[in-house]
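Below, each chain spelled out in residue letters.
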Amino acid sequence: MTGAERAAGLVERLAAAVAASGDPVREADRRDLARLLPLIAERAAAERLAFDDERGLALAVHALGFVRRVRSGAHLDALDAALAEELAPRLLTAARTAIDAYCAPLGFRARDAEVLLLALHLAMARPYRPGDRPTPPQGSTA
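Quick caveat: nothing in here was measured; it's all calculated off a predicted structure. (Residues numbered from 1 in each chain as written. Predicted model: local features only at pLDDT ≥ 70, side-chain atom pairs only at ≥ 80, totals over all residues. Heavy atoms only, no water.)

Observations concerning helix 6 (residues 112-124)
Then step 1. A rise of 1.5 Å per residue sets the reference length of helix 6, with its 13 residues, at 18 Å; its end C-alpha atoms lie 18 Å apart and thus fit the reference within 8%.
Then step 2. Those residues of helix 6 that sit buried are Ala113, Glu114, Val115, Leu116, Leu118, Ala119, His121 and Leu122.
Then step 3. Tucked into the core, helix 6 has its buried residues touching helix 2 (27-46), strand 1 (49-50), helix 3 (53-72), helix 4 (82-85) and helix 5 (89-103). (Helix = DSSP H or I, 4+ residues; strand = E, 2+ residues; numbered from the N terminus. Expected span 1.5 Å × (residues − 1). Buried < 20%, exposed > 50% of the residue type's maximum accessible area, 1.4 Å probe, protein only. Contact = heavy atoms within 4.5 Å.)

Okay, here's the thing in structure tokens:
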């Protein structure tokens, strides 16, 4: 299975999970998630982290909110800076790298709250084991 196929599969799981919410996954969301999820997967792989199905879906839900905030130019309120002190600096760096790679072409600068929330997802991932498939998907060219 290619990275693009894994990304599409994760987005379909996400779409099914939020379908009844009244705010379904739209084409713009699919397009944006196809760009963001592989960037996150690259950083997770570089940190030797993998997401199980449950954590992968939780990450996708967060990513959906993030791409929608970026499209609308919205920002989250600041979070307590003490939360960042609980995380490994490498996870904050990995999160910032992925977010900036996604946002830079769009002329958007995500605030530290977004970085912290993505870093928390990375912190909840488990160490990569041989045979793991990357989740969220990496290698997509979409």
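Let's talk about the environment of Asp112
Then step 1. Structurally, the position occupied by Asp112 is in helix 6.
Then step 2. Look at Asp112 and you get exposed, because its relative accessible area is 59%.
Then step 3. Taking the C-alpha atoms as reference points, Asp112 and Leu92, separated by 20 residues in sequence, lie 9.3 Å from one another.

Here's the deal with the environment of Val70
Then step 1. Inspection of the secondary structure assignment puts Val70 in helix 3.
Then step 2. Residue classification places Val70 among the buried residues on the basis of a relative accessible area of 9%.
Then step 3. In this structure the C-alpha to C-alpha distance between Val70 and Asp32, which are 38 residues apart in sequence, comes to 9.8 Å.
Then step 4. Residues in contact with Val70, not counting those within four places in the same chain, are Tyr102, Cys103, Leu106 and Phe108.

Describing the nonpolar core
In summary, soluble globular proteins display a tendency toward joint burial of nonpolar side chains.
Then step 1. The biggest cluster of nonpolar side chains holds 37 residues, and the ones touching the most others in it are Leu33, Phe66, Tyr102, Cys103 and Leu122.
Then step 2. Counting only elements with at least two residues in this core, the list comes to helix 1 (3-18), helix 2, helix 3, helix 5 and helix 6.
Then step 3. With near-sequence residues (within four places) excluded, Phe66 lies in contact with Leu36, Ile99, Tyr102, Cys103, Ala110 and Glu114. (Core = buried A, V, L, I, M, F, W, Y, C linked by side-chain atoms within 4.5 Å.)

Describing helix 5
Then step 1. Between its terminal C-alpha atoms helix 5 stretches 21 Å, which fits the 21 Å expected from 15 residues at 1.5 Å a residue.
Then step 2. Turning to helix 5, its buried residues are Leu91, Ala94, Ala95, Arg96, Ala98, Ile99, Tyr102 and Cys103.
Then step 3. Of the surrounding secondary structure, the elements contacted by the buried residues of helix 5 are helix 2, strand 1, helix 3 and helix 6.

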